[in-house]
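# Descriptive structure summary
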Amino acid sequence: MLSVLLSLLVLGTVVGEYHEITVPCQTTEQCISFPKMPPDAICDDFVCKCFDENREMRKDCPGMGPAIAMQGRASGSLVGRTCTRNDDCNLANGFCDSILKVCTCRTGFVKSGDSRRCLKGVKSLGSSCQDDEQCKVIIDNSRCADGQCKCLEKYHFLEDTCWKTIEFGEECMLSQECAHVAEAECNMHDRKCTCPLGSVISQDGRRCLPSVWKIESECAESVQCLHLLGAECIDKICRCRSGQHFDVSTDRCVVTKGLGENCEGNHECYQDDSSDPKSLSCIAGTCICSEGFYREEGKCVAGANAATASAVLLLLSLLALFSHSS
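Computed from a predicted model, the values in this text were never measured in an experiment. In this numbering scheme, every chain counts its residues from 1 along its sequence in written order. In view of the model being predicted, local features appear only for residues whose pLDDT reaches at least 70, and side-chain atom pairs are presented and counted only at 80 or more, with totals across whole chains, interfaces and linings using the full set of residues. Computation of side-chain values covers all heavy atoms of the structure but excludes hydrogens and water.

## Quick notes on the overall build of the protein
Numbering goes from the N terminus for both helices and strands, where a helix is a DSSP run of H or I of at least four residues and a strand is a run of E of at least two. If you tally the helices and strands in the protein, you get five helices and 25 strands. Using a 1.4 Å probe on the protein chains alone, a residue whose accessible area is under 20% of its type maximum counts as buried, one over 50% counts as exposed, and one in between counts as partly exposed. Looking at the protein as a whole, 35% of its 326 residues are labelled buried. Two residues qualify as a contact provided that any one of their heavy atoms is within 4.5 Å of a heavy atom in the partner residue. In the protein, once contacts between residues fewer than 6 apart in sequence are set aside, the share between residues at least 24 apart is 24%. With the model as given, the accessible surface of the protein reaches about 20500 Å², and the carbon-plus-sulfur share is 52%. Surface accessibility in these figures is a Shrake-Rupley result with a 1.4 Å probe; residues are shielded only by whichever protein chains are displayed.

As structure tokens, this is what we get:
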């Protein structure tokens, strides 16, 4: 008989006498989702309240005694379980909140994902952990992986935050989303991750490098020399390939044509060891010494014999004109 009475007390009734049972809450959604709770239940002053037949609010809800008893036994959760004293919780590093009447974790501890443990809180990303919840409470979009708090996959860490990783060239909202590529930014015009003006993406796609605008300037990769058409990064210097030279009039590398070789314009005629790029000219489709230079041992040099060379140059020019007119 005693055991029967004790069971009736747990269910909230004793020989027909009704006992008020309160259900703690923080939101109305918690009340509605509670087993056997009427659909019009609301959360008021941290307690689930129901309306009676006269539509007057009351703390106890019909049929909640059995529901609470079942919830206390069937649920595997310890954190959030209803209680009246600490012993009801049976929770290491937890206690019974006297206001909410629920088991909760002590300060400095967080509930585990299954709500069965109170785990020591962590301080930062990279700290040791046992459960994802330890990481989530200090930084969004994080998890516990390999015993350490880390950002979720496809997220990266910057400025105490795990930012979504936006691939280079894809749409973005903030520059922090592009920061996994060093020096990249979210372009405000087209909202895409890109390199700032005056820089280019590296070959491995991991950083933005400054563009090189002057031949014979320092570089790390050939992509930096793209503005100097045809140039490459050779020995950490933007240079033209072997057999080419840089022509300032066209801002590009062109195939070098030497003395006596066929040519299409002055920009092709060039001799490497000349301090004056104008020592050669393209006359009648052939590279010859320019005015003021003369030929000596297969090269054009400036000197006293320049007048003779100039006369020859003039004669060749007249012959070229004559051949075209005839």
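## A look at the side chain of Ser127
Inspection of the secondary structure puts Ser127 in the loop between strand S9 (118-120) and helix H4 (132-136). Using a relative accessible area of 16% as the deciding quantity, one classes Ser127 as buried. For this analysis, a polar contact is any N or O atom pair within 3.5 Å, provided that within protein one partner can donate a hydrogen and the other can accept it, and provided that sequence-adjacent residues contribute only side-chain to side-chain pairs. Polar side-chain contacts of Ser127 include one of 2.8 Å to the backbone oxygen of Ser124. The contacts of Ser127, once residues within four sequence positions are left out, are Val122, Gly147, Gln148 and Cys149.

## What to know about the sheet that holds strand S3 (residues 42-44)
Only when DSSP finds a minimum of two bridges between them are two strands counted as paired. In spatial order, the strands read S3-S4-S5; together these three strands make up an open sheet with antiparallel pairing. Looking at the sheet topology across the chains shown, the edges are occupied by S3 and strand S5 (57-58). Note: S3 against strand S4 (residues 47-51), three bridges, orientation antiparallel. By the bridge assignment, Ile42 is partnered in S4 with Lys49.

## Regarding the pairing of strand S21 (residues 252-255)
Two elements, strand S20 (residues 244-247) and S21, share four bridges in a ladder whose sense is antiparallel. Residue Asp247 lies in a different strand from S21, and its bridge partner there is Arg252. Taking the residues that link successive antiparallel strands as the turn, the S20-S21 hairpin has four residues, and the phi of Asp251 there is positive, at about 55°.

## Thoughts on the side chain of Gln271
Tracing the chain through its elements places Gln271 in the loop between S21 and strand S22 (280-283). A polar contact of 2.8 Å, which involves the side chain of Gln271, links it to the backbone oxygen of Cys300. Non-local contacts of Gln271, meaning those with residues more than four positions away in its chain, are made with Ser279, Leu280, Lys299 and Cys300.

## Here's the deal with the state of the cysteines
Only a pair of cysteine sulfur atoms within 2.5 Å qualifies as a disulfide here. Scanning all chains against the criterion turns up 15 disulfides. Between the sulfur of Cys129 and that of Cys144 lies a disulfide, 2.1 Å long from S to S. Across the S-S bond of Cys129 and Cys144 the torsion is about 100°, and the bridge reads as right-handed. Of the two residues, Cys129 sits in the loop between S9 and H4 while Cys144 sits in strand S10 (residues 142-145), which places them 15 residues apart along the sequence. Using a relative accessible area of 18% as the deciding quantity, one classes Cys144 as buried. Paired by a disulfide, Cys240 and Cys253 hold their sulfur atoms 2.0 Å apart. Classification of the bridge connecting Cys240 and Cys253 rests on its S-S torsion, roughly -85°, and on that basis the disulfide is left-handed. Here Cys240, found in strand S19 (residues 237-240), pairs with Cys253, found in strand S21; they are 13 residues apart in sequence, far enough to count as distant. Cys240 gets classed as buried once you look at its relative accessible area, which sits at 14%. Take Cys253: its relative accessible area is 9%, and that puts it in the buried class.

## Details of the pattern of salt bridges
Here, a salt bridge means any side-chain nitrogen of Lys or Arg that lies within 4 Å of a carboxyl oxygen of Asp or Glu. Evaluated as defined, the whole model comprises eight salt bridges. When the shortest N-O distance is used, the salt bridge between Asp88 and Arg85 registers 3.7 Å. With relative accessibility at 30%, the residue Asp88 sits in the partly exposed group. Residue class for Arg85 comes out exposed when judged on its relative accessible area of 53%.

## Comments concerning a negative patch on the surface
Patch membership is restricted to residues that have no salt bridge and whose relative accessible area is over 30%. Joining uses 9 Å for like charges and 5 Å for the nonpolar side chains Val, Leu, Ile, Met, Phe, Trp and Tyr. Just so you know, the count uses Lys and Arg for positive and Asp and Glu for negative, and it drops His and the chain ends. Charge placement uses NZ in Lys and CZ in Arg. For Asp and Glu, CG and CD serve respectively. On the surface, a cluster of negative charge is made up of Glu167, Glu170, Glu171 and Asp190. Relative to the helices and strands, Glu167 resides in the loop between strand S13 (161-164) and strand S14 (185-186).

## What about the pairing of strand S6 (residues 94-97)?
Alignment of S6 against strand S7 (residues 102-105), held across four bridges, turns out to be antiparallel. Bridging from a neighbouring strand, Phe95 pairs with Thr104 of S7. Hairpin remark: S6 followed by S7, antiparallel, with four residues in the connecting loop; positive phi at Lys101, about 60°.

## Quick look at the confidence of the model for the protein
The predictor reports its confidence for every residue as pLDDT, a score running from 0 up to 100. Overall, the predicted model of the protein reaches an average pLDDT of 81, with 79% of residues at or above 70. Taken element by element, the protein is modelled with least confidence in helix H1 (residues 2-11), mean pLDDT 32, and with most confidence in strand S17 (residues 208-210), mean pLDDT 97. Predicted confidence for residues 1-19 stays below pLDDT 50, and this span has 19 contacts to residues more than four positions away or in other chains.

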